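Structural description and commentary
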Amino acid sequence: MNVLLPTSTAGSLPKPSWLAESETLWSPWKLQEQTLVDGKKDALCLSLHQQQLAGVDIVSDGEQTRQHFVTTFIEHLNGVDFENRKIVKIRDRYDASVPTVIGPVSRQKSVFVEDAKFLRQQTDQPIKWALPGPMTMIDTLYDDHYKSRKELAWQFAIILNQEAKELEAAGVDIIQFDEPAFNVFFDEVNDWGIACLERAIEGLKCETAVHICYGYGIKANTDWKKTLGNEWRQYEAVFPKLKASNIDIVSLECHNSHVPMELLALIRGKKVMVGAIDVATNEIETPEQVANTLREALKYVDADKLYPCTNCGMAPLSREVANAKLNALSAGAAIVRQELTA
Ligand SMILES: [Zn+2]
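What comes next concerns the included structure.

Procedures and definitions
- Residues numbered from 1 in each chain as written.
- Predicted model: local features only at pLDDT ≥ 70, side-chain atom pairs only at ≥ 80, totals over all residues.
- Pairing = 2+ DSSP bridges.
- Helix = DSSP H or I, 4+ residues; strand = E, 2+ residues; numbered from the N terminus.
- Axes fitted to C-alpha atoms, helices over the stretch in contact; angles between N-to-C directions.
- Contact = placed C-beta atoms within 7 Å.
- Core = buried A, V, L, I, M, F, W, Y, C linked by C-beta atoms within 7 Å.
- Buried ≥ 20, exposed ≤ 12 C-beta atoms within 10 Å, placed from the backbone.
- Bend = angle between axes of the 7 residues up to and from the residue.
- Parallel < 35°, antiparallel > 145°, perpendicular 65-115°, else oblique.
- Left-handed = near helix turned anticlockwise from the far one by under 90°.
- Nonpolar A, V, L, I, M, F, W, Y, C, P; charged D, E, K, R; others polar.

Some remarks on the sheet that holds strand 8 (residues 271-275)
- Taken in spatial order, the six strands line up as 3-5-6-7-8-9 in an open sheet, and their pairing is parallel. Edge positions in the sheet fall to strand 3 (128-132) and strand 9 (306-309), since each has one partner strand and no second. Strand-to-strand, the axes of this sheet are offset by a mean angle of 25°, without reference to chain direction.
- Pairing between strand 7 (residues 249-252) and strand 8: four bridges, direction parallel. Each residue of the ladder has a partner; that of Ser251, found in strand 8, is Met273.
- Sheet strands touched by helix 9 (residues 287-298): strand 8 and strand 9. Its angle to strand 9, the strand with the most contacts, is close to 150°.

As structure tokens, this is what we get:
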């Protein structure tokens, strides 16, 4: 990136109300068949336009073509039965009805590559594409075949690597893997989670990122956050191994969280997407609040490695709120950019 403090979002942005229910996470589509295909493309263009209006430097598709950040990917795989559902606890937090792995998993065809090519056609700006991480994928399924979390995650890592290589060829600049599960299953992350992530990025020449957050602003997550105490030190358990990994960028939740900023010192040398926008409130950050979060992060992250970002996706917010938050992100980054170059 040529720009100092390039801004981006963690991933999802609100969908237009003609495509999906507003302010509703994982809403069903309102369109069908070809109108849905066309509608998703139109929504992607709108989402891109909104990011550009707000001055976001690294843009994305706003995840307009997916209903869910994990299951939309899994729907395209062999070996998973969506009819045969089981109730499991997601990240040890909330019950969800999930599909069952009934045989060897494999990718039938590209999942997001056509969407990525379409986004690439719309802009010359750097683009980031989010994929689910292997550990978060296995946590969103019931496994009746491998009966080993590690083995299933490894198989998903191989599939993700195939998809990532095609995304790279389509011109994606940064491929991000969403791993909220890294904040929960520390022993497994260190035993095999990071190894699976490295398998997923094997051979890639584009930049790679891992997004580790405390989740969307839904009740199950905000209730869980209340149990975490005054200091959230979850990152401490996985940062040392992550620092030693080949991943280029780490995307984190910071503003309004209770993560002690000094934990960022544990990944010094990595590029860090610092969450300076809280996605769990409708309150709009002031540019000065954003700037403060970035200044705090600059104590532990070199300026050329600091990427101002949102804490997580903004899909459940209204478009007005999300746009205002994007504007605040840009304005806050501009303040600190000015200070750094003065
Ligand atoms: Zn997130």
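Description of the nonpolar core
- Residues Trp129, Phe156, Val172, Val250, Val272, Val274 and Leu294 are the most contacted members of the largest nonpolar core, which totals 99 residues.
- Per-element accounting of this core gives the leading share, eight residues, to helix 5 (residues 149-169).
- Residues in contact with Leu294, not counting those within four places in the same chain, are Leu5, Val274, Ala276, Leu306, Pro308, Gly332, Ala333 and Val336.

As for the sheet that holds strand 2 (residues 94-107)
- Strands sit in the order 1-2-4 across an open sheet of three strands; the sheet is mixed. At either margin of the open sheet sits one strand with a lone partner, and together these are strand 1 (77-90) and strand 4 (142-143).
- Where strand 1 meets strand 2, 10 bridges bridge the pair, whose relative direction is antiparallel. Considered in strand 2, the bridge of Asn78 is made with Ser106.
- Strand contacts of helix 5: strand 1, strand 2 and strand 4, with the helix running at about 70° to strand 2, the strand carrying the most contacts.

Quick look at helix 6 (residues 186-200)
- The largest bend in helix 6 comes to about 50°, at Trp192.
- Along helix 6, the residues classified as buried are Val189, Gly193, Ile194, Cys196, Leu197 and Ala200.

Examining the packing of helix 5 against helix 6
- In the contact formed by helix 5 and helix 6, the axes pass within 7 Å of each other and the chain directions differ by 25°. When the axes of helix 5 and helix 6 are compared, the pair comes out roughly parallel. You can see that helix 5 and helix 6 cross each other, and the crossing is right-handed. Across the interface between the two elements, Arg149, Lys150, Ala153, Trp154, Ala157, Ile158, Leu160, Asn161 and Ala164 of helix 5 pack against Glu188, Trp192, Cys196, Arg199 and Ala200 of helix 6.
- In the contact of helix 5 with helix 6, the residues fall into nine nonpolar, one polar and four charged.

A word on the packing of helix 1 (residues 33-53) against helix 3 (residues 113-122)
- Relative orientation of the contacting elements helix 1 and helix 3 amounts to 45°, with a least axis distance of 11 Å. The orientation of helix 1 relative to helix 3 falls into the category oblique. Like other packed secondary-structure pairs, helix 1 and helix 3 cross with a definite hand, here right-handed. Across the interface between the two elements, Lys41, Leu44, Cys45 and Leu48 from helix 1 touch Asp115, Phe118, Leu119 and Gln122 from helix 3.
- Residues that form the contact of helix 1 with helix 3 fall into these classes: five nonpolar, one polar and two charged.

Honestly, that's just the spatial picture; any functional story needs more than this.
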